Amino acid sequence: MSGNGTTAGDDPLQTAVWRLRSRACWADAAALLPPDSPGAALQRAMLLVERCLYTERGWADAEDALRTAEALAHTDEERGAAACERGQLAYAATLHGVRDRVDEARAALGRAAALIPPGAAGRALLDFRRGLLAENLSRSPQAARAAYRRAHASATAHADPLLLSFTWRHLAGLALRDGELAEARHGFAESLRIREELGYLVGTAPALVSLADTEEEPAASRLREEARRLFRLLGGVPTWLAAQLAPPTAGTATA
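S.K.: I keep staring at the pattern of salt bridges and nothing clicks. Help me out?
M.R.: Under the defined criterion, the tally for this structure stands at 21 salt bridges. Arg150 is paired through a salt bridge with Asp127; the nearest N and O atoms lie 3.6 Å apart. Placement of Arg150 in helix α8 (residues 141-157) and of Asp127 in helix α7 (residues 122-136) is noted, with a sequence separation of 23 residues between them. When its relative accessible area of 42% is taken as the criterion, Arg150 is described as partly exposed. Assessed through its relative accessible area of 7%, Asp127 is described here as buried. Counted as one network, the salt bridges with shared partners bring together Glu63, Glu70, Arg86, Arg101 and Glu104.

Next up, the structure:
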């Protein structure tokens, strides 16, 4: 969950990678990258780790790509970025019930924090992922909120709109949990706006569903129906939206 999306200054390779990634074609995007540079190896690992989170498959490919990235990393920031990806892979495996790797996730993100200096661009993504761990595995919303706010500030400073779409969404989720409906609606709307502007199609359905949770009818149903359309278009990705987007059964109110 990193990267800025596309801009007018992007090179053709990165534009092609982004278009494939945003349409849930992570393996195709990874195949475009050269095999022997630290930066490309890290990007390939990130793509395949993200595929695991969204599809619950491809674990072995992600592990292989991550080992390659770790072997090619030479600088502290490269090693820190690889550790950050290892932490995310361990987090995803734990979240999806593949295997409990929470200790590995904590250790890897801690190692990344020791290697990535404060103020570096990679620190924003690291803080966001520490927030995910705190919210979803440690069940510590206060720690998660603090981490998301640090990530949000850093993503703003480094002009990373895609990451901002994630921090807006997760801060809004915590606000909704606390009953702060207006704050939650604003955060979810900002997340959706950014993803639509970037063309981040694979992340648009989750943003629509989240915003629907703060809206009244008939707006909520319209948002969920648009999310269903995108979910079907992408072949049922992200997999974890399936239960939320199941059509209402006969005789029940529209979700």
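Next comes the rest of the write-up.
S.K.: Would you mind showing me how to read the packing of aromatic side chains here?
M.R.: Each pair of aromatic rings is reported with the distance of its centres and the angle of its planes. Counting across every chain of the model gives six aromatic pairs. Look at Trp18 and Tyr200: their rings are 5.6 Å apart centre to centre, the planes differ by 20°, and that puts the pair in the stacked class. Placement of Trp18 in helix α1 (residues 12-22) and of Tyr200 in the loop between α10 (181-198) and α11 (204-212) is noted, with a sequence separation of 182 residues between them. Between the aromatic rings of Phe128 and Tyr148, the centroid separation amounts to 5.6 Å while the plane-to-plane angle is 35°, which identifies the pairing as tilted. Placement of the pair is Phe128 in helix α7 and Tyr148 in helix α8, with a sequence separation of 20 residues. For the pair formed by Phe128 and Tyr148, the shared burial category is buried.

S.K.: What should I look at first to understand helix α6 (residues 102-115) in this one?
M.R.: In an α-helix, one full turn covers 3.6 residues, which means residues spaced three or four apart are oriented alike. Spanning 14 residues, α6 covers 20 Å between terminal C-alpha atoms, matching the ideal 20 Å at 1.5 Å per step. Those residues of α6 that are buried are in contact with α5 (76-95) and α7.

S.K.: I'm lost on unusual backbone geometry in this one. Help?
M.R.: For residues other than glycine, phi is negative in most cases, and the peptide bonds are mostly trans. Each neighbour pair has its own omega, and for Glu217 with Pro218 the value is 5°, a cis peptide bond. Note on placement: Pro218 falls in the loop between α11 and α12 (219-233). In this structure, Pro238 follows Val237 across a cis peptide bond, with omega equal to 0°. Non-glycine residue Ala24 carries a positive phi angle of around 70°. Of note, Ala24 is situated in the loop between α1 and α2 (26-31). Unusually for a residue other than glycine, Arg139 sits at a positive phi of about 55°. Within the fold, Arg139 resides in the loop between α7 and α8. On the basis of relative accessibility, which here comes to 63%, the residue Arg139 falls in the exposed class.

Conventions used here
- Residues numbered from 1 in each chain as written.
- Predicted model: local features only at pLDDT ≥ 70, side-chain atom pairs only at ≥ 80, totals over all residues.
- Heavy atoms only, no water.
- Salt bridge = Lys/Arg side-chain N within 4 Å of Asp/Glu carboxyl O.
- Helix = DSSP H or I, 4+ residues; strand = E, 2+ residues; numbered from the N terminus.
- Buried < 20%, exposed > 50% of the residue type's maximum accessible area, 1.4 Å probe, protein only.
- Phe/Tyr/Trp six-rings, centres within 6.5 Å; stacked < 30°, edge-to-face > 60°.
- Expected span 1.5 Å × (residues − 1).
- Contact = heavy atoms within 4.5 Å.

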